[in-house]
Every structure is written in structure tokens, then in C-alpha cells.
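Structure at a glance
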Amino acid sequence: MHNIAKMITEQLRNPNELDISLRMEFGPFETIHKWKRMSECYEFVGARRSKHTAVAYKDAIYVFGGDNGKSMLNDLIRFDIREKSWTKTGCMGTPPAPRYHHSAVVHRSSMFVFGGYTGDILANSNLTNKNDLFEYKFPNAQWVQWKFTGQEPVPRSAHGAAVYDDKLWIFAGYDGNARLNDMWTCNLVGENHQWEKIEQKGECPPTCCNFPVAVARNKMFVFSGQSGAKITNALFQFDFETHTWSRVCTEHLLRSAGPAPARRYGHVMVHHARHLYVFGGAADSTLPSDLHCYDLDTQMWSVLQVATDSQVPSGRLFHAGAVVGDAMYVFGGTVDNNVRSGDLYRFQLSNYPRCTLHDDFGRILKSQQFCDVTLLVGAEETPVFAHQAMLAARSQYLRTKIKESREELLRRIEAGEEEPTEQFSYKSQPQLVVRLPEATPEAFRMILNYIYTDKIDPTEKDEDPASPATMLLVMEVLRLALRLKIPRLRGLCARYLRANLCYGNVLQALHAAHQANLACIKEYCLRFVVKDYNFTPIVMSAEFEQMEQQLMVEVIRRRQQPPPKQPAAAQHDAEEEIIGTNLEQDMCVFVTSGGAELADVRLRVGFSSRPAHRSILAARAAYFEAMFRSFSPQDNIVNIQICDTIPSEEAFDSLLRYMYYGDTNMPTEDSLYLFQAPIYYGFTNNRLQVFCKHNLQSNVSPDNVVAILQAADRMRAADIKEYALKMIVHHFELVAHQDSIRTLAQPLLVDIICALAEEPRHDTPLPLHPRSLPSSSSGDTLADEDYIRYRTNRAEPGVMVGVKVAKSHDFGERDLFQQGICSHFDMLNESDYYIKAYTQPVDSLRLDRPYRRR
């Protein structure tokens, strides 16, 4: 981080009026995607449990009910997020009877508990499902049971519950005899306390129980659960406005999405920002501990890679989870050997703006702006317009064809056979032409969509992913992917075909694979046909009678004499594992090597320049889109600056990496320059700005804090400025002697003085040698090493002197100074204790109880 202060000082010489204020709450700089074990709930507060519920209200988690392995519970315990401590919650009124597998939701300032299973589980008596509804009012800690008139839901347990539009929604569950999939709702406001049964439409989930629900974007999401033979790992969504269910399909989208989590029950699912998070549960007799994430924008599943220093909870089921702020809390559950847990874990969620790389490239393809190549596709030479840079980056075959066409065009122009058009006008049809007679227009347009966005959707016209027409289209895309040398798309298509092969399309797929010489798909179709439970109905079908003779003979011979069983490794290869590079990887290679020959503009920074491509710059930044649409820069050179500042070459390289392939990794010095870039250049969102800000926050130190304070003040980054002021106060002895603080503007000096004034004052000089510790028989001596003890000595009137004691392995030397006001520090002889002496006003020093170390 050398010369960081100098660079910021240079930036400050060019003030501007651009308002780019940013307030992103990251909390106390917690590492994202990190598990952390919190304070355990001890038995004197509440029992270890499972099948309970947990809800979030303000800065606390409330846990109700469940069972401890011996009996059902109806206590309400509370974990305070700020204090990091557990307490029993007092209550007025009559609480619900002890129960488990109930539901609990929060609406306004109340918690609502519905249904569940109650009785004496050891004596096996009075066991019954309930359909009662209780309200717990947080402000006055009062339980109230609601009374209803008219029809009511059947008593149930292990159901789902959600709040939307001031209503409670109850779905599915178990009534003691069968699993359900009905839905009920009731108003939580007003005097009309009546249940209403909802007439559900669309593709309703199967009857199920022991599943979680999450509400996001006016919809309720249901994932997996116990459904008997119908158990699945499908994700369903319910539209509250239209009362319509739909199955969220992800497997038919051809992209690099990870698979959905394995089917399971007893798990948790929570919503935060644009994601759904799924943790735990029993997945086919296993208790996985991985955390799955579903992106609501991209409809993609992924397994989160947690931070290396995480304290990952063990696999469990029937636990409960809730989100407070930017963290998910998971409590209790049943772990191995049917043991109930009392552990609480915190998972730091991320709230970064999503990467728009794929969307930006897809948008410029759809708009047809800045196209510089015409592709004549098929025998009829259907024109398709595209961008040379994108085609060359994703396909070596297309790069070679573009190079050949450019050379041919240049030869024709030099020979006078063709007149050159105005370069980079983009107002007429591109002069460069590439012919692809072996492709079909529909399949090539799908491949073009993959080139720009890394995905294709073959069900856009036909919603049935297994229809013969869709299967044949995907097979044609697979053939073209082989021709264009796009191995990853080939693997995605093969996976799609295998997943959707069925009785209705296997013979058409077999015929098409045979005609296109797709050996891998043909082999898979043959294996499907000759299986015992498939062979008879397929052979007896009318489609089989019309099959060409050669294929019919192959099917019969394969049935009579199956090939020798392949080893596992060879079989794995036959499954067409997805290999190859994705969009980000291809663009990374393109910008670092090989893309210069297709560059149509140069970007100049200071005394150096970089080759670039107009189509990519215009796709990613509104600034360049408007520039290239309006005029062509002189000599095709664009001078780069950010507001009134010229970035360093290194910072500009970081900016190019972000624009070409979404890379956000950069040195802290680059973050200072690029913090304003997203607003100045008109990026789709402020993702780069957030990463720059987080980079600055994470790397602030006493050496650069004054420079960062200046930059934050100029950039109106209020939270960076606030943190910088705290750092200056905390390390004022070091910062005060720096030359940089002497040149600060007066308003910033005033801010520092105000920040200092908010800290407790040093009213009394501290003794050079603190008095000895009290004897072990003293009344304020504590047996617990985690406690901190205080004793008082008379100093000046109205002032107390406190002595803070802790084991050296609990507090390092720096930690002690950071705990508060400290002006003397020493080590006792023949002991392992650090002493911290300080002064405080009498009223602010509590001496009536011991203080626990934070």
C-alpha cells in the first residue's frame, strides 16, 4: 500500500460535484460466508431441543417449543444479538400447550404460533395434532389465544406458514393419517377472525410435511419435504395474488448452474436479498452440512464455499433458522445418534449487487447495436448480425472464420472489387461477411445466445422440455457445438438430452443421433430402449414400426447381445462430463492475449494505451454506448479519466478486467481510483463500487487512515468516513504525529475533535505503578476466568480509579489498549496477569456486579 496517501492527495486536487454517496451496511467487517458458533443456550435458560421454531424480532431471536428427547416444551427463550446472551422470556396470559412441529411467524409486533403436535410423548397419551392459533405480543410479553367462527383447517403438524398482505397462510402438513397439500388463510388485522380455504391453481406441490417455506417477491417458495414416493428436490412457488402454483424449473436451462440440493426433509430455508438459503435436513439417510443458495434473479442453484476459518455446524435436522440484518442464525436440531442440540450458529450473508456481465452482453445482442459482422447461416444464407469480439472470444472456429473473412475483404478492397464503407459507422449492414452453410438459423441463434450469455433456453417456444421438437432442436445445437468447437455447450446439451429422454421422444432422438453421427447420444438412446422396463412398450409402439431397418436391427441385436459392461471410469466418460470454459474464462483469455488483433479502439491512460473493443465497452457502460453511438473518436483513441481524475495504469487495468469479465479483485490503491467509476461510466449497478468500498474498509490502517478519511469525505462515503474517524480516535497517539494530519482541511479537523469528544475523558493522571490486586478472599474476586473484576481507590473527588484484570492469554497487549480508555499498562511480577488502569466518572462505573469480558 505504498504511496497510497500521495495518490489520494493527487485525487483531492480535482474536486467535482458528482453525487455518488453510497451507504452499504457491512456490519463490523465480518467475513462473508463465514460460519461462527455463538453462545450456547445453557440448561438453566432452556433445554436442548429439536422440532422447535425460531423467529426474528428486532435484534433478537425467539425460540418456542420443540422437544428435548423426553418431553415437549412450551417455553419461550430469547437470544439478544447485540449482547450475545440467552435469557428466558417472561410472559402474561396462558401460553400454548407444549408442542413440536408447529409453525411460528412474525407480523408487526407479534408472533403467531399455529398448530403442532402435543401430548406426553413418553407416556404415549393425549397425543394429538392441533389447529389452534396463539398470538404473543412482544411489547407486553402477553399470550392471547384467538377464537374463530366458521370452518377451520384440520388439525396438523409439520406444515408451512407464511405472512403476506397482513394475512397468515398455512400450507400442507400432516393430520395424523395422511399428508396434506391444502392452503388456508386468515386476516391478522381487524376484527374478522375467520379462516378461508384457498382454491389453488397451477402445478401444486405433492402432499408433503416437514418442509420449510420462504416468502420473497410476492411469492411463497416451498422446497422438498416428506412426500412419500413423490418426494422430490423440486422448488415450487406460489403467487399470493393469483393463487397459482408453478414449479421453478432449473434443469432445462442450459448453463453452468449447479444441481439443486438433494431431496430432503427437516431442513431450513430462509430468504435474504435476492437469494434463498437451504441448510441441513435429512437427505436420503445422510445429514449434510453444506449450504445451498438459490439466486432468484438467475434461477441458479449453487453450493456456497464458506470461509476457511468457519466453524461449520454439523449436519442436523428439525433445527430452526432466522435472519437478522445480514446474518442467518441456526439453532438446535437433532444431530447424530438422535442427540438434541443447544448450539447457535451465525452465518454471515452477502448483500453484494449481482454481476450483470451476462445480462449486459445479452442486451447488446438483442439490441443489435454496434454489430460489425454478418453471418449468412444455412443453405438460404439467412443473415444474422453479431460482434466479432464476442464470437472470437468464445469459439476458435469462428475466430478463424473471421480472420479469413477479414483477409478476403481486404484483398477485394485492394483489388478494387469492393468499395470500403465508412469504418465504425454501425449505421449500415456490416461489410464483413462470414458464411456458415452447415448451420440452421434457429439452432445457430440459440448458440449465439449462449456465446453472449452462457445459457440457452430451448423451451422458449415449447414449454415441454421433453417434447420431440425440443429434443431435436437441442440435438442440432449439440451438433453445431461440436462443429464450432464449444466443448462446454456440447456437454450441457448432452446432459439435457439424457435428463429428458423418455418413451415419447427416445426413438426420434435415436434417429436424429444416428443421422447426425452423434455417437454418445445414440449410445445412450440404445441403452434406454433395451432396458427391461422400457423395451416392450417401445417395441410395441407405432413409432418403432416406422423406424428405418438399420436402426431396428441395431436395437434388436443390442437387446439380444448387450455389450460387455464398461468399467466405471469409461462409463463416466460416456456420460459426457461438462468440460470447457465459461464466459468469464473466455473473456479473460481474450482480453489478456489474442484480442488485440480485433481491437477497433484504443484507450489512453496517461502516456500509455490499451487496445479495446467498442461492442464490449458499449455493452458494459452507458458512457461508451452514448459516445460510440454519437461519434467516432479522433484516431479511434479515447482518453480515460474518472470524473476529473486520471487513474493509474494499474487501476485502469483493474477497470478493464471488470468490464470484460466481471473481475472485482484489485489492490487497495486501485479501489481509491475506481470508487467513482460505476457512476461516472454508467454501469448497470454499483457492484464495482461496493467491492471498492469493502476493499477500502478491510484494509484501513493507522498509516493510511487520514488519506482514506479525506477520500471518503470527498466521495461522500459516510460509513467509510465514520469508520476512519473511529480508527483515528482509537490510534490517535500514532496518527497525531503524522505529517498528513497537519495539512487536513479545517472541517475534517473539526470532525476529528468531535469524535474525540464523544470518547470518555481522561480526567485524572494515572499512577505509574498500580496498587496490588486484592487477595483471593476479597468479595469481588471471581472464580470464572472470563469475568473481569474491578476495585476502587480514592483519587480526586468525584473520580474512581478502576483496575481491570484478565489472564494474558485472554487479552493480548493490543487488545487491552483497545478495550477503552487506557493510559497505563504493566505486568505483575511472578504472575501471568495484565493490568489495565483507567479513570472514569463515578456515575459511569458500575461496581455493584462483576463485568463479563466481551
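Relevant structure appears above.
The structure presented is a predicted model; accordingly, all values stated were derived computationally and were not measured. (Residues numbered from 1 in each chain as written. Predicted model: local features only at pLDDT ≥ 70, side-chain atom pairs only at ≥ 80, totals over all residues. Heavy atoms only, no water.)

On the basis of which strands lie adjacent, the open sheet formed by 4 strands has the order 20-21-22-23 and antiparallel pairing. The open sheet terminates on both sides in strands that have one partner only, identified here as strand 20 (268-272) and strand 23 (300-303). Averaged over all pairs of adjacent strands, the angle between strand axes in this sheet comes to 25°, irrespective of strand direction. Relative to strand 22 (residues 291-295), strand 21 (residues 275-279) runs antiparallel, the two sharing 5 bridges. Within the sheet, the bridge partner assigned to Tyr277 lies in strand 22 and is Cys293. (Pairing = 2+ DSSP bridges. Helix = DSSP H or I, 4+ residues; strand = E, 2+ residues; numbered from the N terminus. Axes fitted to C-alpha atoms, helices over the stretch in contact; angles between N-to-C directions.)

Within the secondary structure layout, Arg687 lies in helix 20 (residues 687-698). Buried charge without a partner: Arg687 forms no salt bridge, and the closest opposite charge is Asp295, 8.5 Å away. A polar contact of 2.6 Å, which involves the side chain of Arg687, links it to the backbone oxygen of Pro353. Contacts of Arg687, omitting those with residues within four sequence positions, involve Tyr352, Pro353, Arg354, Cys355, Tyr658 and Thr664. (Buried < 20%, exposed > 50% of the residue type's maximum accessible area, 1.4 Å probe, protein only. Lys, Arg positive; Asp, Glu negative; His and termini not counted. Salt bridge = Lys/Arg side-chain N within 4 Å of Asp/Glu carboxyl O. Polar contact = N/O pair within 3.5 Å; in protein donor to acceptor, adjacent residues only side chain to side chain. Contact = heavy atoms within 4.5 Å.)

With that settled, consider helix 25 (residues 746-757). With 12 residues, helix 25 should reach 16 Å at 1.5 Å per residue; the first-to-last C-alpha distance of 16 Å fits that figure. For helix 25, the complete set of buried residues consists of Leu748, Ile752 and Ala755. Summarising the axial view, the buried residues of helix 25 lie within an arc of 60°, below the 170-degree limit, and thus occupy one face. For helix 25, exposure combined with an orientation more than 90 degrees from the buried face picks out Gln746, Pro747, Ile753 and Ala757. (Expected span 1.5 Å × (residues − 1). Arc of directions from axis to C-beta.)

Below, the discussion takes up the pattern of salt bridges. Applying the stated criterion across every chain yields a total of 44 salt bridges. The residue Arg363 makes a salt bridge to Asp360 at a minimum N-O spacing of 2.6 Å. Highlighted residues: Arg363 and Asp360, both in helix 2 (residues 357-367), separated by 3 residues, approximately one helical turn. Among the residues examined, Asp360 registers a relative accessible area of 1% and is labelled buried.

Despite not being glycine, Ala172 shows a phi value in the positive range, around 60°. Within the element layout of this structure, Ala172 appears in strand 12 (residues 167-174). Taking the relative accessible area as the measure of exposure, Ala172 reaches 0% and is therefore buried. Even without glycine at this site, Asn338 takes up a positive phi of about 60°.

We now examine the sheet that holds strand 30 (residues 382-386). The mixed open sheet is built from 3 strands, whose spatial order is 30-29-31. The open sheet has two edge strands, strand 30 and strand 31 (433-436), and neither has a second partner. Direction aside, neighbouring strands of the sheet carry axes that sit 25° apart on average. Strand direction decides the pairing type here: strand 29 (residues 373-377) and strand 30, joined by 5 bridges, are antiparallel. Within strand 30, the position partnered with Leu375 by the bridge is Val384.

The end-to-end C-alpha distance of helix 17 (residues 649-661), which contains 13 residues, comes to 18 Å, matching closely the 18 Å that a straight helix rising 1.5 Å per residue would cover. The set of residues buried in helix 17 consists of Ala651, Phe652, Ser654, Leu655, Leu656, Tyr658, Met659, Tyr660 and Tyr661. At the C-terminal side of helix 17, Gly662 shows a positive phi close to 70°.

Each regular strand carries side chains that alternate between the two faces of the sheet. Burial of strand 24 (residues 320-324) is extensive: 4 of the 5 residues sit out of reach of the surface. Across 5 bridges, strand 24 lies against strand 25 (residues 327-331) in antiparallel orientation. Counterpart to Ala322 in the pairing with strand 25 is Tyr329. Two successive antiparallel strands, strand 24 and strand 25, enclose a turn made up of 2 residues, where Gly325 displays a positive phi of approximately 65°.

A separate point is the packing of helix 5 (residues 441-453) against helix 6 (residues 468-483). When two helices pack together, you describe them by how their axes are tilted relative to each other and by the distance separating the axes. Look at helix 5 against helix 6: their axes get within 9 Å of each other, and the N-to-C directions meet at 65°. Here helix 5 lies roughly perpendicular to helix 6, going by the angle between them. The handedness of the crossing between helix 5 and helix 6 comes out as right-handed. Of the residues in helix 6, those touching helix 5 at Glu442, Ala443, Phe444, Met446 and Ile447 are Leu473, Glu476, Val477, Leu480 and Ala481. Looking at side-chain class alone, the contact of helix 5 with helix 6 contains 8 nonpolar, no polar and 2 charged residues. (Parallel < 35°, antiparallel > 145°, perpendicular 65-115°, else oblique. Left-handed = near helix turned anticlockwise from the far one by under 90°. Nonpolar A, V, L, I, M, F, W, Y, C, P; charged D, E, K, R; others polar.)

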